[in-house]
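Now for the letters of each chain:
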Amino acid sequence: MPFRRALNSVAACVRFAGAGSLALFVTLTLGLHSEAVSADEPNPAAAPTGLDVALEQQVRTLALGANATASTGVSRVEVVVGQLDPRLHLAPCQRVEPYLPAGARLWGKARIGLRCAQGPTPWNVYLPITVKAYGQALVATTGAASGSVLTANDLAQAEVDLAEDPTAALVEPAQAIGRTLAQALKPGQSVRQGHLRARVWFSAGDTVKVVALGAGFSLEGEGQALSNGIEGQPARVRTESGRILTGQPVSERRLEFSL
């Protein structure tokens, strides 16, 4: 289908943000090219994502560069470029510029900004990408049922996509052995912190050690727990002086907080 005819066949999505204010949200259908192509000319080279090949490479380079100092344990990073909504289109643009949105974390499902840096009509859209970060971590050998207690025989080391799940991948057997599963694991599945039942380190009313952590020092005391000390959840204690503190339960009858 000729490029001009294809552009005329797509729909625009318009949203009014208020009286006198118009916000136009548009995405791309046939790739972002510097010039429109006549009906007698072939389309410029395009990647499977629909983007111009050069632009897709810029997106990959930007994403890989942002992950140059990725988390410890990552051996290689892959970037899968997604597609913008094919129902919509953009105004012609002579130069499209990819950029990192403020606060973006390129880990797992993420997005890269695309903006028209040179053209008659400024626009800005977001391109979905998936960042895969591979490294060694624990996987289930033959699978395990929910409620079962993990043993060394249930675990093996393998290369996994550390970024495929929002919870941290477990890398050391000591992190998993003896822990109870909150959900079943399939053979070969990466073992994540979220797969394990949270441990209860103390109960309300228990006497606990309270540790205040500062820059290069720590202070210890005792207090009475006012709530259960559940792993990953804040808990409150009352110190001997009557002060109420909130911190993180980290081990048996131990609570830590930062000064």
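Residues numbered from 1 in each chain as written. Predicted model: local features only at pLDDT ≥ 70, side-chain atom pairs only at ≥ 80, totals over all residues. Heavy atoms only, no water.

(A) Examining the overall build of the protein chain more closely. Looking only at helices and strands, the protein chain features two helices and 14 strands. Across the 259 residues in the protein chain, those meeting the buried criterion constitute 34%. Partitioning the contacts of the protein chain with sequence separation of at least 6, the portion at a separation of at least 24 is 55%. (Helix = DSSP H or I, 4+ residues; strand = E, 2+ residues; numbered from the N terminus. Buried < 20%, exposed > 50% of the residue type's maximum accessible area, 1.4 Å probe, protein only. Contact = heavy atoms within 4.5 Å.)

(B) Structural detail: the pattern of salt bridges. For the coordinates displayed, the defined rule picks out eleven salt bridges. Glu220 serves as the salt-bridge partner of Lys209, at 3.7 Å between the closest nitrogen and oxygen. With Lys209 in strand S9 (residues 207–214) and Glu220 in strand S10 (residues 217–225), this pair connects stretches of sequence that are eleven residues apart. Overall, Lys209 belongs to the partly exposed group, its relative accessible area being 37%. A residue is classified by how much of its surface remains accessible, and Glu220, at 52% relative accessible area, is exposed. (Salt bridge = Lys/Arg side-chain N within 4 Å of Asp/Glu carboxyl O.)

(C) View of a nonpolar patch on the surface. Taken together, the side chains of Phe217, Leu219 and Leu259 define a hydrophobic patch exposed on the protein surface, amounting to about 330 Å² of accessible area. Considering the arrangement of structural elements, one finds Phe217 in strand S10. Residue classification places Phe217 among the partly exposed positions, given a relative accessible area of 42%. (Patch = residues over 30% accessible without salt bridge, like charges linked within 9 Å, V, L, I, M, F, W, Y side chains within 5 Å. Areas by Shrake-Rupley, 256 points an atom, 1.4 Å probe, with all protein chains shown as cover.)

(D) Examining the environment of Arg95 more closely. Take Arg95: it is sitting in strand S4 (residues 95–99). Take Arg95: its relative accessible area is 39%, and that puts it in the partly exposed class. As a C-alpha pair, Arg95 and Ala117 span 22 residues in sequence and 5.6 Å in three-dimensional space. Sequence-distant contacts of Arg95, that is, excluding residues within four places in its chain, are made with Arg115, Cys116, Ala117 and Gln118. Among the polar contacts listed, one links the side chain of Arg95 to the side chain of Glu97, at a separation of 3.4 Å. (Polar contact = N/O pair within 3.5 Å; in protein donor to acceptor, adjacent residues only side chain to side chain.)

(E) Spotlight on unusual backbone geometry. Positioned with a positive phi, Arg253 is a non-glycine residue whose angle comes to about 50°. With respect to the secondary-structure elements, Arg253 resides in the loop between strand S13 (244–251) and strand S14 (254–258). Look at Arg253 and you get partly exposed, because its relative accessible area is 41%.

(F) Representation of the side chain of Asp52. Examined against the element boundaries, Asp52 turns out to sit in the loop between strand S2 (21–25) and helix H2 (53–66). For the buried Asp52, no salt bridge exists, and the shortest N-O distance to an oppositely charged side chain is 12 Å, to Arg60. Of note is the side chain of Asp52, whose polar atom sits 2.9 Å from the backbone nitrogen of Ala54. (Lys, Arg positive; Asp, Glu negative; His and termini not counted.)

(G) Structural view of the sheet that holds S13. Taken in spatial order, the five strands line up as S9-S10-S12-S13-S14 and close into a barrel, and their pairing is mixed. Strand-to-strand twist in this sheet, taken as the mean axis angle between neighbours without regard to direction, amounts to 50°. (Pairing = 2+ DSSP bridges. Axes fitted to C-alpha atoms, helices over the stretch in contact; angles between N-to-C directions.)

(H) Structural view of the packing of aromatic side chains. The final tally for this structure, using the stated rule, is zero aromatic pairs. The ring of Tyr134 has Arg76 lying over it, and the distance from NZ or CZ to the ring centre is 4.0 Å. In this structure, Arg111 packs its charged tip against the face of Tyr126, placed 3.9 Å from the ring centre. (Phe/Tyr/Trp six-rings, centres within 6.5 Å; stacked < 30°, edge-to-face > 60°. Lys NZ or Arg CZ within 6 Å of the ring centre and 35° of its normal.)

(I) Local environment of the environment of Leu219. Mapped onto the fold, Leu219 is located in strand S10. Once you skip the residues sitting within four places of it in the chain, Leu219 turns out to touch Val210, Val211 and Ala212.

(J) Just the state of the cysteines, in detail. Under the counting rule described, the total for this entry stands at one disulfide. Residue Cys93 pairs covalently with Cys116 via a disulfide, S to S 2.2 Å. Taking the sign of the S-S torsion, 100° for the link of Cys93 and Cys116, the bridge is right-handed. Here Cys116 lies in strand S5 (residues 108–118) and Cys93 lies in the loop between strand S3 (76–81) and S4, a separation of 23 residues in the sequence. Since its relative accessible area comes to 2%, Cys93 is described here as buried. (Disulfide = S-S within 2.5 Å.)

(K) Just the confidence of the model for the protein chain, in detail. On average, residues of the protein chain score 82 in pLDDT, and 79% of them reach the 70 mark or higher. Overall, residues 1–45 carries pLDDT values under 50, and its contacts beyond four positions in sequence, including any with other chains, amount to 78 contacts. (pLDDT = per-residue confidence, 0-100.)

(L) Seen up close, H2. Relative to the 20 Å expected for 14 residues at 1.5 Å per residue, H2 spans 20 Å between its end C-alpha atoms, a close match to the ideal helical length. Buried residues of H2: Leu55, Glu56, Val59 and Ala63, and no others. One side of H2 holds all its buried residues, which, seen down the axis, span an arc of 105°. Those residues of H2 that are buried are in contact with S3, S4, S5 and strand S6 (124–140). Two or three places before Ala54, at the opening of H2, Asp52 has a side-chain oxygen 2.9 Å from that residue's backbone nitrogen. (Expected span 1.5 Å × (residues − 1). Arc of directions from axis to C-beta.)

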